[in-house]
Amino acid sequence: MKLLPPEAFAGLTEDTCIRIQKELAPLVVQEDRFGSSLPPTVAGVDLAYWQKGDQELAVCCILVVDRESRAVVEKAEAYGPVRFPYLPGCFAFRELPLVLEAAARLTQKPEIFFFDGNGILHPRGLGLASHASFYLKASTVGIAKHYYHVGEDFSPPGEEPGACSPITREGKVAGCALRTHAGVKPVFVSVGNGISLDTASKLALALTGPESHIPAPTRLADLETHLRREELRCTL
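As the structure is a prediction and not an experimental result, all values here were calculated from the model.

Here we look at the overall build of the protein chain
Stage number 1. For the protein chain, the count of helices and strands is 5 helices and 8 strands.
Stage number 2. When the helices and strands of the protein chain are read in sequence order from the N terminus, they spell out α-β-β-β-α-β-α-β-β-β-β-α-α.
Stage number 3. In terms of overall size, the protein chain behaves like a compact globule, its C-alpha atoms giving a radius of gyration of 17 Å where 236 residues would be expected to give roughly 18 Å.
Stage number 4. Its C-alpha atoms give the protein chain principal-axis dimensions of about 45 × 35 × 35 Å.
Stage number 5. Buried positions account for 55% of the 236 residues belonging to the protein chain.
Stage number 6. At a minimum sequence separation of 6, the contacts of the protein chain that also span at least 24 residues come to 65%.
Stage number 7. Surface accessibility of the protein chain: about 10,800 Å² in total, with carbon and sulfur atoms responsible for 53%.
Stage number 8. Separation between the mean location of the 24 positive side-chain charges and that of the 28 negative ones in the protein chain comes to 3 Å.

This is the structure:
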């Protein structure tokens, strides 16, 4: 399928966005597609928004972390006007232009990207993490801090770290609630593309340090976007 260039997103109608999502969703692969061993690095992606007069702006930060040490090995960013309106379920069309611009600035493209958002845990099975995978040509994972209520209710996971409970949509597993620290709320993991839910969950748990219940790639990307937003507000 030929992908629409991100610069063309601004003029799309909601119906067209939904049609694109429905066409791409069946192409998502829920199995590991990065070789026999886990890659040495994982990227985290997040965006932060602000208003300047009548204009909405955003900054996207991508932080690449070492899988073993969780140390940051590279950063890239892109910022500018947001040219697509907020439409529930069509968030990727707002965020992808800046995500791809930032990703193009990485010196070495990671094989796995973690997104602060959802993958197939989405009304049409194609959240930001899934949609982005077709452009990035990489495996992707959705790591959401809050449950996007698109499936059936789920049972809370056990209190021990690593406990998880499946979330189903239309009778199929679409993600899981994963407890990364004892006594804190879970994160919501879903396949983006090119990875299994089991591997995505184990990787999310392994990348979670003692300082937060959020896996390091998206936690650090979140911190960086908020820092850069405050700096850019003063200069743009």
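Picking up after the structure, the text goes on.
Considering the packing of aromatic side chains
Stage number 1. Summed over all chains, the structure comprises 8 aromatic pairs.
Stage number 2. Between Tyr86 and Phe91, the ring centres sit 6.1 Å apart and the planes meet at 75°, which makes this aromatic pair edge-to-face.
Stage number 3. Pairing Phe154 with Phe188 gives two aromatic rings, centres 5.7 Å apart and planes at 75°, and the pair type is edge-to-face. Within this pair, whereas Phe154 is found in the loop between strand S5 (139-144) and strand S6 (164-169), its partner Phe188 is found in strand S8 (residues 187-193), the two being separated by 34 residues in sequence.
Stage number 4. Aromatic rings pair up to connect Phe9, Phe84, Phe93 and Tyr135 into one cluster.

Brief notes about the side chain of Arg228
Stage number 1. Checked against the element boundaries, Arg228 lands in helix H5 (residues 216-233).
Stage number 2. The exposure class of Arg228 is buried, given its relative accessible area of 17%.
Stage number 3. A polar contact is formed between the side chain of Arg228 and the side chain of Glu77, at a distance of 2.6 Å.
Stage number 4. Setting aside residues up to four positions removed in sequence, Arg228 forms contacts with Val59, Cys61, Glu77 and Tyr79.

Let's talk about the environment of His181
Stage number 1. With respect to the element layout, His181 can be found in the loop between strand S7 (172-178) and S8.
Stage number 2. His181 gets classed as buried once you look at its relative accessible area, which sits at 18%.
Stage number 3. Sequence-wise, His181 and Pro88 are 93 residues apart; in three dimensions their C-alpha atoms are separated by 30 Å.
Stage number 4. When residues no more than four places from it in sequence are discounted, the contact partners of His181 are Glu159, Pro161, Thr208, Gly209, Pro210, Ser212 and His213.
Stage number 5. Engagement of the side chain of His181 in a polar contact is seen with the backbone oxygen of Ser212, the distance being 3.2 Å.

Section: the state of the cysteines
Stage number 1. One pass over the full model with this rule turns up 0 disulfides.
Stage number 2. Unpaired in this structure, Cys176 has its nearest cysteine sulfur neighbour in Cys164, at a distance of 4.8 Å.

Remarks on the nonpolar core
Stage number 1. Ile62, Leu96, Phe113, Phe114, Phe115 and Val189 are the most contacted members of the largest nonpolar core, which totals 68 residues.
Stage number 2. In terms of residue count, strand S2 (residues 55-66) provides more of this core than any other element does, 9 residues in total.
Stage number 3. With near-sequence residues (within four places) excluded, Phe113 lies in contact with Ala43, Val45, Ile62, Leu106, Leu136, Ala138, Ser139, Thr140 and Val141.

The rules behind these values
- Residues numbered from 1 in each chain as written.
- Predicted model: local features only at pLDDT ≥ 70, side-chain atom pairs only at ≥ 80, totals over all residues.
- Heavy atoms only, no water.
- Helix = DSSP H or I, 4+ residues; strand = E, 2+ residues; numbered from the N terminus.
- Rg over C-alpha atoms; globule rule 2.2 N^0.38 Å.
- Buried < 20%, exposed > 50% of the residue type's maximum accessible area, 1.4 Å probe, protein only.
- Contact = heavy atoms within 4.5 Å.
- Areas by Shrake-Rupley, 256 points an atom, 1.4 Å probe, with all protein chains shown as cover.
- Lys, Arg positive; Asp, Glu negative; His and termini not counted.
- Charge placed at Lys NZ, Arg CZ, Asp CG, Glu CD.
- Phe/Tyr/Trp six-rings, centres within 6.5 Å; stacked < 30°, edge-to-face > 60°.
- Polar contact = N/O pair within 3.5 Å; in protein donor to acceptor, adjacent residues only side chain to side chain.
- Disulfide = S-S within 2.5 Å.
- Core = buried A, V, L, I, M, F, W, Y, C linked by side-chain atoms within 4.5 Å.

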